[in-house]
Amino acid sequence: MLIRKPVEEVFEAFIDPAITTKFWFTKSSGRLEVGSHVRWDWEMYGVSDDVHVKEIEKNMRIRIEWSDSTQVEWIFTPRTNNETFVTITSSGYTGNGDDIVNRAIDDMGGYTIVLCGLKAFLEHNIVLNLVADKAPDAHVKH
């Protein structure tokens, strides 16, 4: 996904939970730092996960590992001073072929929504609530 903002700003959007909570999860235990374990919460669904931050190359790359051992890598490629191309790759799936395919398809859709929310927020300062509205019937009832 092309984000029409400088690479520093796009990269920071994933490092700093004060920004990330505007387009992805609702709560985080802290900034991403190499070696840290961070808890991300999606309070509207009553779910959370612990991620281990494996690698960070400032303004270039982030790699995390979810609690189920799958890994996610973000690559930030500056195209101009005000354009960044973000690529997200998820790997390490387990299970039978159908399980792996279904998880990959689900992750692809989920990360696409995250990138669309990021684009709207950084480029237009609009919070689209895409993650919250993807499955409104799954929200926790209060």
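For the structure itself, look to the data block above.
Summary of the structure given here.

Cut-offs applied
- Residues numbered from 1 in each chain as written.
- Predicted model: local features only at pLDDT ≥ 70, side-chain atom pairs only at ≥ 80, totals over all residues.
- Heavy atoms only, no water.
- Phe/Tyr/Trp six-rings, centres within 6.5 Å; stacked < 30°, edge-to-face > 60°.
- Buried < 20%, exposed > 50% of the residue type's maximum accessible area, 1.4 Å probe, protein only.
- Helix = DSSP H or I, 4+ residues; strand = E, 2+ residues; numbered from the N terminus.
- Pairing = 2+ DSSP bridges.
- Polar contact = N/O pair within 3.5 Å; in protein donor to acceptor, adjacent residues only side chain to side chain.
- Contact = heavy atoms within 4.5 Å.
- Axes fitted to C-alpha atoms, helices over the stretch in contact; angles between N-to-C directions.
- Parallel < 35°, antiparallel > 145°, perpendicular 65-115°, else oblique.
- Left-handed = near helix turned anticlockwise from the far one by under 90°.

### Let's talk about the packing of aromatic side chains
For the structure on display, the rule yields 15 aromatic pairs. Pairing Phe14 with Phe23 gives two aromatic rings, centres 5.4 Å apart and planes at 85°, and the pair type is edge-to-face. Side by side, Phe14 and Phe23 carry an identical accessibility label, which is buried. On the basis of an interplanar angle of 80° and a centroid distance of 6.4 Å, the ring pair of Trp24 and Trp66 is categorised as edge-to-face. One end of the pair, Trp24, is in the loop between α2 (17-20) and β2 (27-28); the other, Trp66, is in the loop between β5 (61-65) and β6 (71-80), and 42 residues separate them in sequence.

### So, the pairing of strand β7 (residues 83-91)
Bridge analysis of strand β1 (residues 2-3) against β7 gives two bridges, and the strand direction is antiparallel. Looking at β7, one finds that Leu2 is bridged to Phe85. Pairing analysis gives nine bridges linking β6 to β7, with the strands arranged antiparallel. Pairing of Trp74 across the sheet is with Ile88, part of β7.

### What to know about the side chain of Glu123
With respect to the secondary-structure elements, Glu123 resides in helix α3 (residues 97-124). Polar contacts involving the side chain of Glu123 include one to the main-chain amide nitrogen of Arg4, which spans 2.7 Å. In terms of polar contacts, Glu123 uses its side chain to reach the side chain of Lys119, at 2.8 Å. Contacts of Glu123, omitting those with residues within four sequence positions, involve Leu2, Ile3, Arg4 and Lys5.

### Quick word on the packing of helix α1 (residues 7-15) against α3
Pairs of packed helices are described in terms of their axes, by the angle between the two and the distance that separates them. For the pair α1 and α3, the least separation of the axes is 12 Å and the interaxial angle reads 125°. Here α1 lies oblique to α3, going by the angle between them. Both α1 and α3 take part in a crossing whose hand is right-handed. Listed contacts from α3 to Glu9, Val10, Ala13 and Phe14 of α1 are Val114, Leu115, Leu118 and Leu122.

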